[in-house]
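Structural overview for review
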Amino acid sequence: MSLTFLFFGILAVLAIATAVICVSNKNPVVSAMALVAHFFMLAGLYLTLQAQFIAILQILIYAGAIMVLVIFVIMLLNLGDEEKLREKTKYRKILASLLGIGFIAMLCSVYLGGGLGNKATSPMAITIGAPAALGKELFTNYLFAFEAIALLLLTAIIGAVVLAKRKVD
Amino acid sequence: MANETILMLPLYLIGFFSLAAVGLDPLFSKNKKVIYYLSLIGLLEAAISAGYALYLHTLTPAPNIEISYAKNMVSTGGMAYFFDILFCLSGILILLSSPRYFTREYKELSEFYSLILLSVSGMMIMAHSANLLVLFIGIEIMSLSFYILAGFIRIRIMSVEAALKYFLLGAFSTGFLVYGIAMIYGATGTLTLSVIQLSIQTNTINSLYLTIGIGLIIIGLSFKAAIFPFHQWAPDVYHGSPTVIAGFLSAAGKAAAMMAFIIIARAIFGGLSQNNFVKDLYVDVRLVLAVLSAATMLIGNITALVQKNIKRMLAYSSVAHAGYLLMGVVAANERGWSGILFYSTAYILMQIGAFIVISLSERNDEQNLKISEYRGFSKAHPYLAAIMSIFMFSLAGLPPFAGFFGKYYLFTAAVETGYVWLTIVAVISSLISMYFYIGLIIKMYFEDPDTQPMVAESGHAVLALTLSTAGVMIFGIFPSLLMDIAKIFF
C-alpha cells in the first residue's frame with residue numbers, strides 16, 4: 001500500500017462522511033458548511049490524481065465563490081420551519097433507500113471487479129495537471145468546445161437577466 | 001471544391017448572428033423590428049449556407065462519409081446539414097409567429113430573439129458534433145435556452161412553474177447524461193466518436209463501463225425527448241409555457257434529441273464488431289429501446305384521449321410521436337435513419353403549425369384553450385379551421401399528408417428488421433390517436449358554436465402557416481423529394 005493510496009482512503013472516507021452530513025442534517029447552515037468541507041476533500045482527491053490546477057480551481061470556485069452565494073441565499077431566505085419540508089410518506093423513504101442501496105451495490109460490484117488501488121502513473125503525469133499543459137490542450141485540441149462554452153455561458157447570463165428583472169417594461 | 005470555411009459556414013453564421021442579436025438588443029430597445037429582421041436574416045443565411053454545403057456534400061463521391069474539422073470536434077456530414085436546415089426552418093416559423101403573440105400577451109420581447117437564435121445554434125452544434133463533449137455542450141445550450149423560453153412570460157404563474165419544473169428535471173437528467181459520457185470515456189479512453197467506433201470494432205474496450213455508459217446515456221436522452229418513464233414533465237411544461245414556444249420545445253427539441261440518439265447509436269453500433277459481447281449488447285439495447293418506444297406510444301396516446309385542454313392534448317400526443325421516432329433508432333438501418341429524418345421534418349412542420357393556430361385563437365391569459373371551445377370553429381374562421389384540420393390529419397397519419405409517409409417509412413423499417421410486434425403496437429396506437437385528432441375536426445366542423453370565438457390579428461403568422469401547410473402537403477404528395485435526399489446520408 002503506497003502513501004498515495006493511504007491519502008486517497010482518508011480523503012474518500014471524509015468526503016463520503018461530509019456528504020452524508022450535508023444531506024442528513026436539518027440545519028441548512030450546517031449542511032452548507034459540510035458541503036464546503038466536502039469540496040475540500042474533493043480537491044484533495046484531485047491532488048492525488050495529479051490534477052493540481054483543477055484542485056486549486058475546485059477550492060477557489062466551489063468552496064470559495066459558490067458556497068458564499070449558497071450561504072447568502074440561506075441567510076436571505078431565513079428558513080425557519082424545516083419540519084414542514086419533511087417527507088410525510090414512509091413507504092417512499094423505504095423504497096428510495098432500497099433502490100439507493102441496490103445502485104451502490106451495483107456500482108461496488110463494477111469497481112471492485114476492476115480491482116482497487118492506484119495503477120502506476122507515468123512520471124509524465126505530474127506535468128499534465130499543471131496550468132501550462134491544460135491551457136495548451138484547451139486552446140489547441142479543445143478550442144471549438146471552448147468557444148461553444150462561451151455561447152453556453154452567454155445563454156445562462158441572458159437567462160439570469162431575463163428571469164430576474166424586476167419590472168415588466 | 002469544398003473547403004473548411006464553406007463547410008463550417010452555417011455554424012459561424014448562426015453564432016455570429018446570435019451574438020449580434022444579443023449585442024444590438026440594447027441599441028434598438030425602442031425599435032424591436034430591427035432585431036426581428038436581423039434574426040430572420042441570420043436564420044435564413046444559416047439555412048442557405050447549410051443548403052449550399054449540403055449540395056457540395058452530395059457532389060462528393062461518397063456522401064455518406066463524414067469529415068471532421070477543428071481537431072476532430074466538428075463533423076460535416078450530410079445529416080448534420082439536413083438537420084441544420086430543419087432547425088433553422090423551425091426557428092424561422094417561431095420567429096414569424098411570435099411578435100404578435102407576445103405583444104398581445106406580455107408586452108415585452110427583449111432578448112427573445114437572441115434566445116431563439118442561441119437555442120438554434122445549440123442544436124446546430126449538436127448536429128455537427130464529432131465528439132461527445134461537443135454534443136453535450138450543444139445539448140446544454142439548447143436546454144438552457146429552452147428553460148428560459150418556457151418561463152418567458154414571468155408574470156404568469158403557470159409559465160414560471162413550467163420553467164422551474166423543466167429546469168430542475170432537465171438538470172437532473174443532464175447528470176445522467178454526463179455520467180454516461182464519463183463511463184464511455186472510461187470504457188474507450190476517448191470522447192471522439194470515430195475513435196470510439198474504432199476501439200469498439202477492434203475490441204479494446206472495457207465492456208462493463210460501456211454497458212453502464214450506454215444505459216445512462218439512454219436515460220439522459222430519453223429525458224430530453226420525453227420518452228416513456230421520463231415523460232412526466234412534458235405535459236406540464238408544454239401546457240405552461242407560451243403557446244408558440246410550446247410548439248418549438250415539442251417539435252425542434254424532440255427532433256434534436258432524436259438526432260443525438262442517431263449520432264451516438266451510429267458511433268457505438270455503426271461498424272460491424274467482431275466482439276461477441278458488443279453484438280449481444282446491440283441486441284439487448286435495441287430490445288430495451290423497442291419496449292420503451294412501444295410504451296411511449298401507448299401511454300402518450302391513451303392519456304391524450306382524456307385531455308380537456310388542447311395544449312395538454314398536443315403535449316401528450318407529442319410524447320407518442322417521440323415513440324414513433326424511436327422506432328427508427330430501434331430499426332437502426334438505412335431506412336430507419338432516413339425515416340427519422342423524414343418524420344422529423346414532417347413533425348416540425350405540423351406540430352409548430354398546430355401550435356401557431358392555437359396561439360391565434362387563444363385569448364388573454366390562456367383563455368379559449370379548452371377543446372370544447374373549438375366547437376363550430378369552422379363557421380367563424382373557415383381558413384384557420386381548414387389549416388388546423390390539415391395538421392390534425394397529418395398528425396394522425398392519414399394520406400396524402402407528410403405525417404402518413406413519415407409513419408410509413410418508420411413502420412416498414414421496423415418490419416424489415418424483424419420488429420413486427422412493435423409495428424403492430426404502433427399501428428394500434430395510431431388508431432387510438434385517430435379518436436382525438438379526428439374528434440377535434442368533428443368539433444370544429446359538425447357542431448354548433450356556443451360563443452363566437454375571436455381570432456387575433458395574425459401578422460406574419462400567416463406566412464408561417466402558409467409555409468408549414470405547404471410543406472405538409474408537398475412532402476405528403478411527393479415524399480420522394482425529401483426521401484431521396486435523406487437516403488444518401490446513410
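On a predicted model such as this, the values are computed, not experimentally measured, just so you know.

**Concerning the overall build of chain B**
Counting its secondary structure elements, chain B contains 19 helices and 2 strands. Taken against the 2.2 N^0.38 rule, which gives 23 Å for 490 residues, the C-alpha radius of gyration of chain B at 21 Å falls within 12% of a compact globule. C-alpha atoms of chain B, sized along the principal axes, occupy 70 × 55 × 40 Å. Looking at chain B residue by residue over its 490 residues, the buried ones come to 63%. By sequence separation, contacts in chain B at least 24 residues apart represent 82% of the contacts at least 6 residues apart.

**Quick look at the domain arrangement of chain A**
Under the domain assignment, chain A is made up of domain 1 (3-86) and domain 2 (130-169). Taking only C-alpha atoms, the centre of domain 1 of chain A and the centre of domain 2 of chain A are 24 Å apart.

**Here we look at the packing of helix α13 (residues 334-361) of chain B against helix α19 (residues 480-487) of chain B**
Residue and element names in this part refer to chain B. The contact between α13 and α19 brings their axes to 9 Å, and the two run at 135 degrees. If you check the angle between α13 and α19, you find them oblique. In terms of crossing hand, the pair formed by α13 and α19 is right-handed. Here E334, S338, G339, L341, F342 and T345 of α13 lie close against α19, whose contacting residues are L482, M483, A486 and K487. Taken together, the residues that form the contact of α13 with α19 break down as 5 nonpolar, 3 polar and 2 charged.

**Details of a nonpolar patch on the surface**
Residues I56, L57, L60, I61, Y62, I66 and V70 of chain A make up a contiguous nonpolar surface patch of roughly 570 Å² in combined accessible area. With a relative accessible area of 48%, I56 of chain A lands in the partly exposed category.

**A look at α13 of chain B**
Over its 28 residues, α13 of chain B extends 41 Å from the first C-alpha to the last, a length consistent with the 40 Å expected when each residue adds 1.5 Å. Among the 28 residues of α13 of chain B, 26 are classified as buried, and the element is accordingly described as predominantly covered.

**Overview of the interface of chain A and chain B**
Taken together, the contacts link 24 residues of chain A with 35 residues of chain B. Here chain A packs against chain B, burying approximately 2,700 Å² in sum over the two surfaces, 78% of which is carbon and sulfur. Looking only at chain A, the three residues that lose the most surface to chain B are F144, L151 and T155 of chain A, adding up to 22% of its buried area. Taken together, chain A and chain B are joined by 1 residue pair in polar contact (both at pLDDT 80 or more). For the side of chain A that touches chain B, the elements supplying multiple residues, two or more each, are α4 (90-114) and α7 (143-164) of chain A. Broken down by element, the residue count for the side of chain A that touches chain B peaks at 13 residues, all from α7 of chain A. For the side of chain A that touches chain B, the per-class residue count stands at 16 nonpolar, 4 polar and 4 charged.

**So, unusual backbone geometry**
Of the consecutive residues P399 of chain B and P400 of chain B, the connecting peptide bond is found in the cis state with omega at 5 degrees. Tracing the backbone shows P400 of chain B in the loop between α15 (382-396) and α16 (402-416). We note that Q50 of chain A has phi near 65 degrees; this positive angle belongs to a residue other than glycine. When its relative accessible area of 24% is taken as the criterion, Q50 of chain A is described as partly exposed. Its identity is not glycine, yet A332 of chain B carries a phi of approximately 55 degrees, on the positive side. Summarising the element assignment, A332 of chain B is placed in the loop between α12 (310-331) and α13.

**With respect to the confidence of the model for chain B**
Caution applies to low-pLDDT regions: their predicted coordinates should not be interpreted in detail. Residues and elements named next belong to chain B. Put simply, chain B has an average pLDDT of 86, and 95% of its residues get 70 or more. The lowest-confidence element of chain B is strand β1 (residues 68-69), averaging 75 in pLDDT; the highest-confidence one is helix α5 (residues 132-150), averaging 93. Complex prediction metrics read pTM 0.89 and ipTM 0.87.

**Let's talk about the packing of helix α11 (residues 276-305) of chain B against helix α17 (residues 420-446) of chain B**
All names here are of chain B. Running from N to C, α11 and α17 point in directions that differ by 15 degrees, and their axes come no closer than 9 Å. The orientation of α11 relative to α17 falls into the category roughly parallel. Crossing hand, α11 versus α17: left-handed. Contacts between α11 and α17 pair L287, A290, V291, S293, A294, M297, L298, N301, I302, A304 and L305 from the former with W421, L422, V425, A426, S429, S430, I432, S433, Y435 and F436 from the latter.

**A few points about the packing of aromatic side chains**
Residues and elements named next belong to chain B. Evaluation of the coordinates by the stated rule reveals 30 aromatic pairs over all chains. Taken together, a centroid distance of 5.5 Å and an interplanar angle of 65 degrees make the contact between F112 and F152 edge-to-face. Taken as a pair, F112 in helix α4 (residues 112-127) and F152 in the loop between α5 and α6 (157-188) lie far apart in primary sequence, 40 residues in all. The buried category is assigned to F152, whose relative accessible area is 1%. Plain terms: the ring middles of F172 and F176 are 5.4 Å apart, the flat faces sit at 85 degrees to each other, and that makes the pair edge-to-face. Linking F172 with F176, this pair stays in helix α6, spanning 4 residues, or about one helical turn.

Rules behind the numbers
Residues numbered from 1 in each chain as written. Chains lettered and ligands numbered in written order. Predicted model: local features only at pLDDT ≥ 70, side-chain atom pairs only at ≥ 80, totals over all residues. Heavy atoms only, no water. Helix = DSSP H or I, 4+ residues; strand = E, 2+ residues; numbered from the N terminus. Rg over C-alpha atoms; globule rule 2.2 N^0.38 Å. Buried < 20%, exposed > 50% of the residue type's maximum accessible area, 1.4 Å probe, protein only. Contact = heavy atoms within 4.5 Å. Domains from an automatic or database assignment. Axes fitted to C-alpha atoms, helices over the stretch in contact; angles between N-to-C directions. Parallel < 35°, antiparallel > 145°, perpendicular 65-115°, else oblique. Left-handed = near helix turned anticlockwise from the far one by under 90°. Nonpolar A, V, L, I, M, F, W, Y, C, P; charged D, E, K, R; others polar. Patch = residues over 30% accessible without salt bridge, like charges linked within 9 Å, V, L, I, M, F, W, Y side chains within 5 Å. Areas by Shrake-Rupley, 256 points an atom, 1.4 Å probe, with all protein chains shown as cover. Salt bridge = Lys/Arg side-chain N within 4 Å of Asp/Glu carboxyl O. Expected span 1.5 Å × (residues − 1). Buried area = accessible area lost by both parts, 1.4 Å probe. Polar contact = N/O pair within 3.5 Å; in protein donor to acceptor, adjacent residues only side chain to side chain. pLDDT = per-residue confidence, 0-100. Phe/Tyr/Trp six-rings, centres within 6.5 Å; stacked < 30°, edge-to-face > 60°.

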